[in-house]
Amino acid sequence: MSNYPGEHDNIPKRILDSLQGQPLNHLVPKCGLTSLLSSSVSLSLVTPNTSLALDPENNLNKSPKKLDDHHLRSFYASDSHDLDDHLQLSFKRPKNLGSRADNDDFADKIQEKLSPLAKRCINIADPSVKSSHIITELRETRHQR
Amino acid sequence: MELYGVAVEYETLAFELAQEMLAEGSSEVSLVQYYRLIEMAVRTLVALKQRGTLSLEQDCDVTWRLARLLVNETWDLDLAETYLSSLRERIISNGRFIDNLNARLVCEYWLLYEIPLRRDDKFHCKIALRGCFALLEGLDTKSNMYSLFKFIAAALNLKMKKYRRAQLQLEELVLIIEEHDASRRDWYAFVLLRYVNLMLERRTPLTPATKQRLAALKCDEIGPQLYVWKLFLELTIQIYKDANITDELNKFKTFFQSYKTELKTADRYSIKFNEFISMQVQLSTISQYRDVKNVLLLMQSVSYLVNCYDPRANFSTKFLPKVKATTGQLIKTMADGAMPQSLSHWDTKSAWYNDILYYCDFYTMWEHMLLGSSIETQQPKDTKFWIYNELLNAINGQSGLSDCEGASDCLAKYSAVLAKGQSAKRSAPNEVKIICLLNQFTVLASQVSQNEGVQDGITQCGEKWAQIAELMRETDLEGNNVWDCTIAIVWIISHFEPFTWNPLPSTNEEKSVYMNKLNEYYSANKMVNMEHAVAGGERFQLKKSLLLQILLNYLGGRIIETETELITEISATCFKLARRHNMAAISYVVGLWHLMNCTISMKPKEVTYTTAKLEAIVREMKA
């Protein structure tokens, strides 16, 4: 082979040189697959309701007190001492769910579905959840409130 | 006490709404309404605790329900912690309670596992781990509660990314359950599967004993959910080896024939510890038939990926878009027919689906790379994929690299992936590290070959090679033919004269090790009519990955074969394959070899033909 194509050109002539611009792309990373298998695992301990009195189906109370509005009002009254001055929770804002524009009647739907007692409770307690209470990350909210 | 029922009602209604919100997309109004209900449930439970005179049993039920709401729906973990700690005190000071120990342990479970795991910092995990060990001291090592908290200790280590410790603890736990609690096959299986899964995530080699334990799990003993997990892990082991997966797929097929419907109905798995405590496991991969099928298809695509050198004839090109479409569909319908669940549960599940979508994109791009087309990577939304993304970028940047400046850019990109790999937040998996190091090594060695910074280059090559060897020993990749053979090839072409201008220094011992490997792989995979294929070559069989086949046969043809006719046949095949795929530089070198062979075996027609092809390649490369 006295002369051959590319002989005097500056192109790789040996196999190692030709690998400089040719990554070993047949080595494929795969361990993400096993992370995928286990990443969604969540555990929770469950216990049977030990106290029958708490079974919503089961009224073991000797004489169920009549729950009038006055009673409920004082039940939900905000004088609790271990929650600052009133219960203000910070809720988790979903990060991966689709959203859509506001055009719904969820509030009415809730009213329809609640039992009379639950309806009275929510009207009396009237929890004021605002968009600003629904946040995406855990932060030191305690001190800021 | 009727008000407890009201709290339950709020929670139930909220979860039903969550399902609606998934189907229709959640609006800000619906989100506020959802949390209004949650807040009502919380306030009712809190008020019950404060105003009612709850018996200890009642207090337990109220507090645990409250804790679950606070932990799942809110960021107020401190609050949950306060309630749980004071309940724990009450339990400890009250000896009459029959399930005293169990109730206390449920509190500990929340305080040592659920809550610390959700705080995203090491500090709390460390404290919890200490608490966990203190608790273990007081428990009977033969009791099943002991093994539960042993598992929790491992989970805490895992959260702190102390993988080795977590692996050891899980391994130990498998043995403990096997010895004391052999009848509890579901718990045993769960821990074993978690252990094997973790080993595979880290690509740590499994011992033969572990593999036997895995193989011994029976579907009728552990139930279809856990059994699917086992099947997935065994499939992964084969895929990791780049081995044939037909047998594993058949196992799935047989399994589906009998258990398909059972997977459709259950979306959680329950492990009973005693009359009082059971543990619910939710794991998307194993609970729903539709998810199982989808993940299975993704795994198949990845298994077939290396074979890919024809865009029309590879499974992955068909499967990956299918997985992507199905996943999109599953996101929309995930709540269909499921039990009402918290919004945050669905959010987590969506995140899992998004991961699947990322892997689809990632492997699709990899496939394009294999097919020789250029790719454009996008920054993924989730930073946990940073490493995969940067790896793609670096590899993409190396393609077609020809000058010195480009080489140092490219080396820097790989180094960036490796450096990030050392920071604790995102540690690069070992396999990614080896990929970076090997590509860096070939770039550096080829610089040496071309007389660029020879002395420095030789030192660096030595360092990279030592790191590669060390990482290979730590991982299961040693047992993977594709990787093992690649390493032998890269070593040979950087240490022998006809393949580099400046061979790197080596010992005779190294030479014989790598030459032996080359011999074995070459005889089992040479691209000539298979009549003289060596018996027993199966052990060294390789997947048909194009680049590897070309390099292996090029080396075999140059070093091992002696018969001119045969050599020319091999060089013709190599040249044809390389030319079909955008590998100009490789085509050129292989073409030169083929031209030489044709000249020697006096085939004037072939000589003319090959010369013309080479001229075309040269023109293309100079353009």
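Just so you know, the residues in each chain are numbered from 1, in the order the chain's sequence is written. Lettering of chains starts at A and numbering of ligands starts at 1, both following the order in which they are written. Only residues with pLDDT of at least 70 get local features here, since the model is predicted, and only at 80 or more are side-chain atom pairs given and counted; chain-wide, interface and lining totals rely on the full set of residues. The side-chain figures draw on all heavy atoms in the structure; neither hydrogens nor water molecules are used.

This is how it is decided: UniProt positions are given in the numbering used here, feature names are shortened, and annotations may be inferred rather than shown by experiment.
Recorded in UniProt for chain B, the comment headed Sequence similarities (unreviewed entry) runs: "Belongs to the SCC4/mau-2 family." As recorded by UniProt, the Subcellular location (unreviewed entry) comment attached to chain B reads in full: "Nucleus".

Quick word on the overall build of chain A
For clarity, the threshold we go by: Secondary structure elements follow DSSP: runs of H or I of four or more residues count as helices, runs of E of two or more count as strands, with numbering from the N terminus. Only protein chains enter the accessibility calculation, which uses a 1.4 Å probe; a residue whose area is less than 20% of its type maximum is buried, one above 50% is exposed, and one in between is partly exposed. Here, residues are in contact when the closest pair of their heavy atoms is within 4.5 Å. Here the accessible surface of atoms and residues is derived via Shrake-Rupley with a 1.4 Å probe, and residues count as covered only by protein chains that are part of the display.
The helix and strand inventory of chain A stands at five helices and three strands. Order of helices (α) and strands (β) in chain A, N terminus to C terminus: α-α-β-α-β-α-α-β. Looking at the 145 residues of chain A, the share that counts as buried comes to 43%. In chain A, once contacts between residues fewer than 6 apart in sequence are set aside, the share between residues at least 24 apart is 69%. When the accessible surface of chain A is split by element, carbon and sulfur atoms take 46% of a total near 7,800 Å².

A word on the overall build of chain B
Put simply, the rule reads: Within this scheme the basic residues Lys and Arg register as positive and the acidic residues Asp and Glu register as negative, but His and the chain ends are omitted. By convention, the point assigned to a charge is CZ for Arg, NZ for Lys, CD for Glu and CG for Asp.
A count of helices and strands for chain B gives 26 helices and two strands. By its C-alpha atoms, chain B is 100 × 50 × 50 Å across when sized along the principal axes. The burial tally for chain B puts 59% of its 623 residues in the buried class. Across chain B, contacts joining residues at least 24 apart in sequence account for 65% of those joining residues at least 6 apart. Accessible surface, chain B: about 25,500 Å² in total, of which carbon and sulfur atoms supply 51%. Taken as two groups, the 70 positive and 74 negative side-chain charges of chain B have centres that lie 1 Å from each other.

Details of the pairing of strand β1 (residues 269-272) of chain B
Residues and elements named next belong to chain B. In plain terms, the rule: Any two strands with at least two DSSP-identified bridges between them are counted as paired.
On β1, burial follows the alternation: Tyr269 and Ile271 on one face are buried, whereas Ser270 and Lys272 on the facing-out side are not. Pairing of β1 with strand β2 (residues 278-282), which is carried by four bridges, proceeds in the antiparallel orientation. Within the sheet, the bridge partner assigned to Lys272 lies in β2 and is Ser278.

Re the confidence of the model for chain B
Keep this limit in mind: The predictor rates its confidence in each residue with pLDDT, a number between 0 and 100.
When pLDDT is averaged along chain B, the result is 90, and 96% of the positions lie at 70 or above. ipTM for the predicted complex: 0.89, alongside a pTM of 0.92.

Topic: the interface of chain A and chain B
The criterion, for reference: When two parts are brought into contact, each loses some accessible area as probed by a 1.4 Å sphere; the total of that loss over both is the buried area. Between Lys or Arg on one side and Asp or Glu on the other, a salt bridge is scored when a side-chain nitrogen of the former is within 4 Å of a carboxyl oxygen of the latter.
Every contact between the two is made by 105 residues of chain A and, on the other side, 164 residues of chain B. When the two sides are added together, the surface that chain A and chain B hide from each other amounts to roughly 12,400 Å², 64% of it contributed by carbon and sulfur. Sorting the residues of chain A by area buried against chain B places A:Gln20, A:Leu45 and A:Lys92 first, and these three jointly supply 7% of that buried surface. At the boundary of chain A and chain B, one finds seven salt bridges. Here A:Arg93 ties to B:Glu28 by a salt bridge, and the two come within 2.9 Å at their closest N and O atoms. Ranked by residue count, the leading element in the side of chain A that touches chain B is helix α2 (residues 32-38) of chain A, at seven residues.

With respect to the environment of B:Leu411
All names here are of chain B. Turning to its location among the elements, Leu411 is positioned in helix α18 (residues 404-420). Residue Leu411 is classed as buried on the basis of its relative accessible area of 17%. C-alpha of Leu411 to C-alpha of Asn439: the two residues are 28 residues apart in sequence and 8.5 Å apart in space. Apart from the residues lying within four places of it in its own chain, the contact partners of Leu411 are Gln440, Val443 and Leu444.

Thoughts on the layout of surface pockets
Here is the rule we go by: Using a grid of 1 Å spacing that covers the protein atoms alone, one calls a set of points a cavity when a 1.4 Å probe fits there but cannot get out, and a pocket when the set is open and has protein on both sides within 12 Å along at least five of seven lines; lining residues are those with an atom within 4 Å of a point. Grid points are joined across faces, edges and corners, and a volume is the space filled by probe spheres set on the points. Polarity classes work like this: nonpolar for Ala, Val, Leu, Ile, Met, Phe, Trp, Tyr, Cys and Pro, charged for Asp, Glu, Lys and Arg, and polar for all others, with Gly in that last group.
Estimates place the volume of the second largest pocket at around 1,000 Å³. As for the second largest pocket, its lining consists of 48 residues, of which A:Gly21, B:Gly400, B:Met583, B:Ala584 and B:Ala585 are closest to the centre. Residue assignment for the lining of the second largest pocket shows that the elements contributing at least two residues are α1 (15-18) of chain A together with α16 (343-370), α23 (546-560), α24 (564-580), α25 (584-600) and α26 (604-622) of chain B. For the lining of the second largest pocket, the element with the highest residue contribution is α26(B), accounting for five residues. Grouping the amino acids of the lining of the second largest pocket by side-chain chemistry returns 21 nonpolar, 20 polar and seven charged.

Looking at the side chain of B:Ser344
In this structure, B:Ser344 sits in helix α16. What B:Ser344 contacts, discounting residues up to four positions off in sequence, is A:Lys92 and B:Asn72.

As for the packing of helix α19 (residues 430-449) of chain B against helix α20 (residues 454-474) of chain B
Residue and element names in this part refer to chain B. Just so we agree on the cut-off: Here an angle of 0 to 180 degrees is reported between the N-to-C directions of two axes, which are lines fitted to C-alpha atoms, with helices fitted over the stretch in contact. In what follows, roughly perpendicular refers to angles from 65 to 115 degrees, roughly parallel to angles under 35, roughly antiparallel to angles over 145, and oblique to any angle outside these ranges. Each crossing gets its hand from how the near helix is turned against the far one by less than a right angle, where anticlockwise is left-handed and clockwise is right-handed.
Between α19 and α20, whose axes approach to 9 Å, the crossing angle comes to 155 degrees. Put simply, α19 runs roughly antiparallel to α20. In this structure, α19 crosses over α20, and the sense of that crossing is left-handed. The segment α19 lies against α20, with Asn430, Lys433, Ile434, Leu437, Leu438, Gln440, Phe441, Leu444, Ala445 and Val448 engaging Val454, Gly457, Ile458, Gln460, Cys461, Lys464, Trp465, Gln467, Ile468, Leu471, Met472 and Glu474.

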